Amino acid sequence: MKKYFYTDGVDKFGPFTFEELKQQKITRETKVWYYGLEHWTKLADLDELKGITNSLPPPLKSNKEIVKKQEEITKEVYSQLSPPKKRKKLKRGILIAFASILALYLVFFFVKKQKQYNLYQEIKSSAYEADVDFNFYVEKFYRDIAVYGIFPKRPTTTIIKFAKFDHITNATHIHGISFGINDDDKIEIYINPSTWNTFKKPLRYYLIYHELAHDVLNLNDLANTPENEGKLMFPAIASYETKTMDEFIENSHALFEEVAAKWKN
Amino acid sequence: MDFGNGLTVKGCYAIGRTLVYQYQVSEDWFAPENSKTDLIENLKKSGYAETYFNNDINVEYQYFFENRLREKISIKSYELTSLNFKLGDYISIDGHPKAKGVNLKLKPPMGWQIEEGDRPNIVKKFLFKNNNYMIIVKDNIMFFSRNEISELLSDDEYVNEFLLEASSILSNQQILYHRIVSVDKYPSLEFTMRGEMERLGVKMKIRQKCWMIFFEDKIVYLQCSGLDNNEFTALEKLYNLITNSVIFPEQYDY
């Protein structure tokens, strides 16, 4: 009768008969040897011991394998939810680009602000009291907007002066400028005396009401496009030389109506 | 009576406030071209014109050949005035402290006194006996373009408000007529009214003709006043001439 031995990798057990071997705590992986077999061989690989192999329950997967499998599943799910590496790279690229643009914008903004500040300082230092009663126009402006139900805060400080724009680089084209926009405590307007003296009555009204609309109503210039031509907040009012008082009046009323509608809301 | 020129007096009578003179003329008589002007001049020379004018008496001349009326010349009492309807050279109110920035010029009536106004808004006044023509400038509530004011004046309610306010200076006032006109291209409300005014206990019947001119953010009143008599009626023609001479020069500057 054939005798079988098995090993747990450390000790050798046997000899056992076929039936005795069947009773041992062995698995498909257990290495078995008998006379005539050249090497210790896994039970599952021996055809003549198939009777024992088949009687064994299938092997349990190890914890490691389960964890490994779970990791694989999680990874798969995660990969579906999270962007792939390429997407991440793209995202990072966008972030860098955005940061660069923002930085550029900030630099541009700072430079612009600095330029504006320098211009402001130059204009301010060249300003002088005009022999024109600008308060005459201011009072009319407040009177007119009041008729439309617009009652902005009356600033305590009102500075409206002539400034020598003709002597300032890049400012000779300016007819007037307001620095009191978004500052409800101050009206600060500088007028170019050269152009003021050449302007006729309607254009003077256009200029002063335009600047006061910036300063008192905090309105910005309109786009320099043909559909805005004639309007009070059109930026190129020098082209208004042929405008009449009637046109000034109707355009200022149109603006006040718009502002009044916003005030009501 | 035979005047020796082919005319004989036929009769004379009065109907209401009109004196009617009737004449017989020869067959070949025809009224001269300027007969009305000549008759008025003759009445003025003779001194009757003033009497007729002051007493509101009209005169009518009727010329008959046989029993047929060949010619009729009617002269209203106010046509017999010796008032001067000529205008002087332009005067301007530009830069006047009471003109409030309004640049206006007009021709004053010749022979009238030109005076500065003594009340706040009266810029200038032209005076003749009990009659005056005043230039008054008041602030409007805001700027109005000519289109905007024309639109407002097409509203009767708005016009009536103006008339009510303007006529409040007289008591028992009555608006005789009003209409919308243009004074040198500016929309204006023209009206005449009569009413009473009391001065030092004396009540006077007053007539006024007024033009309210809406100029940008101002109202220019051209206000003509006088006693409610024939003289005022005669002077209305002069007032029209003065107002018709008004120029707002700035509008032609741009």
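Relevant structure appears above.
Residues numbered from 1 in each chain as written. Chains lettered and ligands numbered in written order. Predicted model: local features only at pLDDT ≥ 70, side-chain atom pairs only at ≥ 80, totals over all residues.

### Examining the pairing of strand S13 (residues 218–227) of chain B
Along any regular strand, the residues point their side chains to alternate faces of the sheet. Residue and element names in this part refer to chain B. Put simply, the rule reads: Neighbour density around each residue's C-beta defines its exposure: 20 or more other C-beta atoms within 10 Å make it buried, 12 or fewer make it exposed, and counts between make it partly exposed, where C-beta atoms are placed from the backbone. Going along the chain from the N terminus, every DSSP run of H or I of four or more residues is numbered as a helix, and every run of E of two or more is numbered as a strand. Each pair of strands is called paired provided DSSP finds at least two bridges between the two strands.
Burial of S13 is extensive: eight of the 10 residues sit out of reach of the surface. Bridge count between strand S9 (residues 131–139) and S13: eight bridges; the pairing is antiparallel. Across the sheet, the residue bridging to Met-134 is Gln-223, located in S13. Across 10 bridges, strand S12 (residues 202–215) lies against S13 in antiparallel orientation. When the sheet's bridge partners are listed, Phe-215 is paired in S13 with Lys-218.

### Digging into the pairing of strand S8 (residues 186–191) of chain A
All names here are of chain A. Among the six residues in S8, five count as buried, and that is most of the element. Sheet topology places strand S6 (residues 157–163) next to S8; six bridges connect them, and they run parallel. Residue pairing for S8: Phe-162 is matched across the bridge by Ile-191. As judged from the three bridges shared by strand S7 (residues 176–178) and S8, these two strands associate in the antiparallel manner. Residue pairing in the sheet places Gly-176 in a bridge with Ile-191 of S8.

### Examining the environment of Asp45(A)
Checked against the element boundaries, Asp45(A) lands in the loop between strand S4 (41–42) and helix H2 (50–55). Taking the C-alpha atoms as reference, Asp45(A) lies 8.9 Å from Glu29(A); in sequence the two are 16 residues apart.

### Here we look at the interface of chain B and chain A
Note the cut-off: Throughout, a pair of residues is in contact if the C-beta atoms placed from their backbones lie within 7 Å. Three residue categories are used. Nonpolar comprises Ala, Val, Leu, Ile, Met, Phe, Trp, Tyr, Cys and Pro, charged comprises Asp, Glu, Lys and Arg, and polar comprises the others, including Gly.
Listed as interface residues are 12 residues of chain B and, on the opposing side, 13 residues of chain A. For the side of chain B that touches chain A, the residue count by class is five nonpolar, two polar and five charged.

### As for the nonpolar core
Let me state the cut-off plainly: Residues of type Ala, Val, Leu, Ile, Met, Phe, Trp, Tyr and Cys that are buried and joined through C-beta atoms within 7 Å form what is called a nonpolar core.
Membership of the largest hydrophobic core comes to 80 residues, with the highest contact counts inside it found for Tyr206(A), Tyr209(A), Met212(B), Ile213(B), Phe214(B) and Val220(B). Apart from the residues lying within four places of it in its own chain, the contact partners of Tyr206(A) are Leu232(A), Ile237(A), Tyr240(A), Lys243(A) and Phe248(A). If you look at the next biggest cluster of nonpolar residues, it comprises seven residues, including Tyr4(A), Tyr6(A), Leu21(A) and Ile52(A).

### Comments concerning the sheet that holds strand S1 (residues 4–7) of chain A
With antiparallel pairing, the four strands of this open sheet are ordered in space as S2-S1-S3-S4 (chain A). A strand with exactly one partner marks an edge of an open sheet, and here the two such strands are strand S2 (12–16) and S4 of chain A.

### Some words on the environment of Phe134(A)
All names here are of chain A. Locating Phe-134 in the fold gives a position in helix H5 (residues 134–147). Given 21 C-beta atoms within a 10 Å radius, Phe-134 is considered buried. When the C-alpha atoms of Phe-134 and Lys-161 are compared, they prove to be 8.2 Å apart, with 27 residues separating the residues in sequence. Every residue in contact with Phe-134, bar those within four places of it in the chain, is listed here: Ile-160 and Ile-208.

### Brief notes about the packing of H5(A) against helix H7 (residues 201–217) of chain A
Residue and element names in this part refer to chain A. Heads up, the condition is: Fitted lines through C-alpha atoms serve as axes, helices being fitted only where they are in contact, and the angles separating the N-to-C directions of these axes extend from 0 to 180 degrees. Put simply, a crossing is left-handed when the front helix is turned counterclockwise from the back one by less than a right angle, and right-handed when it is turned clockwise.
As a packed pair, H5 and H7 sit with axes 10 Å apart at the nearest point and diverge in direction by 65°. Of the two possible hands of crossing, H5 and H7 adopt the one that is right-handed. Where H5 abuts H7, its residues Phe-134, Tyr-137, Val-138 and Phe-141 lie against Ile-208, Tyr-209, Leu-212 and Val-216. Of the residues that constitute the contact of H5 with H7, the class distribution is eight nonpolar, no polar and no charged.

### Notes on the sheet that holds S12(B)
The strands making up a sheet associate through backbone hydrogen bonding, with each pair oriented either parallel or antiparallel. Residues and elements named next belong to chain B. Strands sit in the order S7-S8-S9-S13-S12-S11-S10 across an open sheet of seven strands; the sheet is antiparallel. The sheet is open, and its two edges are formed by strand S7 (113–116) and strand S10 (171–183), each paired on a single side. Averaged over all adjacent pairs, the angle separating strand axes in this sheet is 20°, with direction ignored. Sitting on the sheet, helix H3 (residues 146–153) touches S10, strand S11 (186–199) and S12, and the angle it makes with S11 is about 55°.

### Observations regarding the packing of H7(A) against helix H8 (residues 245–264) of chain A
Residue and element names in this part refer to chain A. Inclusion rule: Working definition: roughly parallel below 35 degrees, roughly antiparallel above 145 degrees, roughly perpendicular at 65 to 115 degrees, and oblique for all remaining angles.
At a closest axis distance of 9 Å, the pairing of H7 and H8 adopts a crossing angle of 15°. Here H7 lies roughly parallel to H8, going by the angle between them. H7 and H8 meet at a crossing whose hand is right-handed. Contacts between H7 and H8 involve Lys-201, Pro-202, Tyr-205, Tyr-206, Tyr-209, Ala-213 and Leu-217 on the former and, on the latter, Met-245, Glu-247, Phe-248, Ser-252, Leu-255 and Val-259.

Purely spatial values, then, with no claim about function.
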